[in-house]
Amino acid sequence: MHQHIAHIALVVKDYDEAIAFYTEKLNFRLIEDTRIDEEKRWVLVAPPGAGECCLLLARAANAEQEEAIGRQSGGRVFLFLFTDNFERDYEAMRAKGIHFVRPPKVEPYGKVAVFADLYGNLWDLLEPSKSNPGNLPG
């Protein structure tokens, strides 16, 4: 049996502003942008070097979904962006105006800093330590 997570839905306010943020600020690739109907699009983005898993940018369709924008994980870190060069990516992201809510810190599992996306969802930028082959936070 083979299974994998293909996409993770991220509720956004606007497709185009979300695409711009992820492609211009985080250097993600736009994998697909297909119009489904007048209101809905199928928008996939992924960081460079990503495998099959992508973010599915899903525009909020009602008031309940709008309330979840930026709070999909209840204020916890929601997504984890792994890197092979923390300093390079941290400096590039800061230069592009990414807001880091927690400064870089060395943990047993690697070097990490927490940033907010354009809606306030929290992400870890993480370079796993060589001694942590499972790449798991402590």
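Our subject is the structure that appears above.
Residues numbered from 1 in each chain as written. Predicted model: local features only at pLDDT ≥ 70, side-chain atom pairs only at ≥ 80, totals over all residues. Heavy atoms only, no water.

Asks: When you look at the sheet that holds strand β6 (residues 99-107) in this model, what are you seeing that I'm missing?
Replies: Spatially, the four strands line up as an open sheet ordered β5-β8-β7-β6, and their pairing is mixed. The sheet is open, and its two borders are formed by β5 (77-82) and β6, each paired with just one other strand. Neighbour-to-neighbour, the strand axes of this sheet turn through a mean angle of 20 degrees, independent of strand direction. Alignment of strand β7 (residues 110-116) against strand β8 (residues 122-128), held across seven bridges, turns out to be antiparallel. When the sheet's bridge partners are listed, Lys-111 is paired in β8 with Glu-127. (Pairing = 2+ DSSP bridges. Helix = DSSP H or I, 4+ residues; strand = E, 2+ residues; numbered from the N terminus. Axes fitted to C-alpha atoms, helices over the stretch in contact; angles between N-to-C directions.)

Asks: Would you explain the nonpolar core in this entry?
Replies: Across soluble globular proteins, you tend to see nonpolar side chains buried next to one another. Tyr-22, Leu-55, Leu-57 and Phe-115 are the most contacted members of the largest nonpolar core, which has 28 residues in total. By residue number, the principal contributor to this core is helix α1 (residues 15-25), which donates five residues. Taken together, domain 1 (1-69) and domain 2 (72-137) each give at least three residues to this core, which thus spans both. With near-sequence residues (within four places) excluded, Phe-115 lies in contact with Leu-26, Leu-81, Met-93, Ile-98, His-99, Phe-100, Val-101, Asn-121, Leu-122, Trp-123, Asp-124 and Leu-125. (Core = buried A, V, L, I, M, F, W, Y, C linked by side-chain atoms within 4.5 Å. Buried < 20%, exposed > 50% of the residue type's maximum accessible area, 1.4 Å probe, protein only. Domains from an automatic or database assignment. Contact = heavy atoms within 4.5 Å.)

Asks: Quick question: what am I supposed to make of the side chain of Asp-117 here?
Replies: Here Asp-117 shows up in the loop between β7 and β8. Salt bridges are absent for the buried Asp-117, whose nearest opposite-charge side chain, Lys-13, sits at 11 Å. Of the polar contacts made by the side chain of Asp-117, one reaches the backbone nitrogen of Tyr-119; its length is 2.9 Å. Ignoring anything within four residues of it in the chain, the contact list for Asp-117 reads Leu-10, Phe-21, Tyr-22 and Trp-123. (Lys, Arg positive; Asp, Glu negative; His and termini not counted. Salt bridge = Lys/Arg side-chain N within 4 Å of Asp/Glu carboxyl O. Polar contact = N/O pair within 3.5 Å; in protein donor to acceptor, adjacent residues only side chain to side chain.)

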